[in-house]
Amino acid sequence: LCNIWKGMSELFETFKATLSPMLVMFLCMIVGFLANKLKLAPENTATVLTKLENYFLVPALIINTFMKYCTVSSVTEQYKLILYCLAALVIALAVALPLSKVFAGDDSYKRNIYKYALAFGNFSFMGNAIVPAIMGDSMLYNYMLYILPLNVAVYTWGVIILIPKGEKTQNPLKNLLNPIFISILIGAFLGLSGLSESIPSFIRQTISSLSSCMGPLAMILTGFVIGSYDIGGLLKNKKVYIATFLRLIVLPSAFILLLKLLSADKNTLFLTLFAYGTPLGLNTVVFPAAYGGDTSTGASMAMISHTLCVITIPVMYALLTILF
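Residues numbered from 1 in each chain as written. Predicted model: local features only at pLDDT ≥ 70, side-chain atom pairs only at ≥ 80, totals over all residues. Heavy atoms only, no water.

Novice: Help me understand empty space enclosed by the protein, please; the structure alone is not making it clear to me.
Specialist: Any empty space left between the atoms is revealed when a probe the size of a water molecule rolls over them. Using the criterion set out here, one finds three cavities of 30 Å³ or more in the structure. By volume, the largest cavity is sized at about 70 Å³. Those elements giving two or more residues to the lining of the largest cavity turn out to be α2 (45-69) and α8 (179-193). Among the elements that take part in the lining of the largest cavity, α2 stands out by supplying three residues, more than any other. Approximately 50 Å³ is the volume found for the second largest cavity. Together, Ala117, Leu118, Ala243, Thr244, Arg247, Leu280, Met301 and Ser305 line the second largest cavity. Secondary-structure elements contributing two or more residues to the lining of the second largest cavity are α4 (108-119), α11 (238-261) and α14 (296-323). Tallied by class, residues from the lining of the second largest cavity come to five nonpolar, two polar and one charged. (1 Å grid on protein atoms, 1.4 Å probe; cavity = no way out; pocket = protein on both sides within 12 Å on 5 of 7 lines; lining within 4 Å. Points joined across faces, edges and corners; volume = space filled by probe spheres on them. Helix = DSSP H or I, 4+ residues; strand = E, 2+ residues; numbered from the N terminus. Nonpolar A, V, L, I, M, F, W, Y, C, P; charged D, E, K, R; others polar.)

Novice: Could you clarify how one ought to interpret the packing of aromatic side chains in this entry?
Specialist: The geometry of an aromatic ring pair is captured by two quantities: the separation of the ring centres and the angle between the planes. For the structure shown, the criterion picks out eight aromatic pairs. For the pair Phe66 and Tyr141, a centre-to-centre distance of 5.2 Å together with 80 degrees between the ring planes defines the contact as edge-to-face. Note that Phe66 is positioned in helix α2 and Tyr141 in helix α6 (residues 137-146), a separation of 75 residues in sequence. Judged by relative accessible area, Phe66 falls into the buried class, the value being 2%. On the accessibility criterion, Tyr141 (2% relative accessible area) is buried. Ring centres 4.6 Å apart and planes at 35 degrees place the aromatic pair Phe270 and Tyr317 in the tilted group. With Phe270 in helix α12 (residues 266-276) and Tyr317 in helix α14, this residue pair connects regions lying 47 residues apart in the sequence. (Phe/Tyr/Trp six-rings, centres within 6.5 Å; stacked < 30°, edge-to-face > 60°. Buried < 20%, exposed > 50% of the residue type's maximum accessible area, 1.4 Å probe, protein only.)

Novice: What am I meant to see in the environment of Thr284 here?
Specialist: Of note, Thr284 is situated in helix α13 (residues 283-290). Under the relative-accessibility criterion, Thr284 is labelled buried at 1%. A C-alpha to C-alpha distance of 7.7 Å links Thr284 and Ala117, two positions 167 residues apart in sequence. Residues within four places of Thr284 in sequence aside, it is in contact with Ile113, Tyr116, Leu162 and Gly298. (Contact = heavy atoms within 4.5 Å.)

Novice: Please explain the side chain of Ser124 as it appears in this structure.
Specialist: Within the secondary structure layout, Ser124 lies in the loop between α4 and α5 (125-135). Residue class for Ser124 comes out buried when judged on its relative accessible area of 15%.

Novice: What is the right way to look at the nonpolar core in this model?
Specialist: Side chains that are nonpolar tend, in soluble globular proteins, to be buried together. Residues Phe66, Phe120, Tyr143, Tyr146, Leu150, Phe274 and Tyr276 are the most contacted members of the largest nonpolar core, which totals 104 residues. Element by element, the count of residues in this core is highest for α14, at twelve residues. The contact partners of Phe120, leaving out residues within four places of it in the chain, are Leu89, Leu93, Leu150, Ala153, Val154, Trp157, Gly158, Arg247 and Leu280. Ala60, Ile63, Met67 and Ile199 belong to the second largest nonpolar core, which has six residues in total. (Core = buried A, V, L, I, M, F, W, Y, C linked by side-chain atoms within 4.5 Å.)

Novice: Would you mind going over α13 with me for this structure?
Specialist: Every α-helical turn comprises 3.6 residues, leaving residues that sit three or four positions apart pointing alike. Listed as buried for α13 are Thr284, Val285, Phe287 and Pro288. Residues of α13 that are buried make contact with α4, α7 (148-161), α9 (201-226) and α14. Remark: Gly292 follows α13 within two positions and exhibits a positive phi of approximately 75 degrees.

Any link to function would need more than the numbers given here.
In structure tokens form, the structure reads like this:
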């Protein structure tokens, strides 16, 4: 009985510690939601915040992390992280393709929405924010290495399927020439070469300050986008709840068990949870909106999954801590 009580106590303490940063993210989302509903910000706020995130804040976070922790030894020691993520990604895609037809039937574009939703979580905005909050800044570098295959998949296949047929699309390889990959190259160069030490302190402090804004502003952006919709309408799609259950619990659990069988260490299992157990991001809203498509399904997924992940991520993290 003493061991059971001790285990339950540890489980609760871990859950409580993990819940705190998740609630911070959720409250930031509420701020964005209220800013929209109360008309405290102009209608183009989502566009402005998206550009700030993609062109300044996320690149600042990546450069700041890579120039601190990217060394020859860290790359050679952690290369397996990329392979582990790739193994999970292959299975995610294999599952997403047939399941999307179950959810969307003969509606080809809606099937693409579900394909994306089942294959990718919000591993960038949400994952980059909660990993350092829960596991520390040093683990953020490992996480960024881990999600490299996800970034490649999103900016090639993922982006392409979200653009309706008949619209002009770029070469998928050109999509990789984006601020995220460019910032990875810059940060890795600065870290591997040691030139980061030569950067003036005021520039390093500026980069660090911008990177600190990434998480809260990303959640404000999410809340603002969700605030553009009728909440009652977003809650009525029953299929979205099933997709959210798969996104937040079933798929990450399956990938964690798979990687455990492949002898992945405990930290890798945590990174798998944050990469594949995060809620659906905003791409399934942004891309349909850009091409005049139906955004209700993506908005419904974003709202429901971001709300429920406040509980699912702390619970799953606490269980992983105890079980493994």
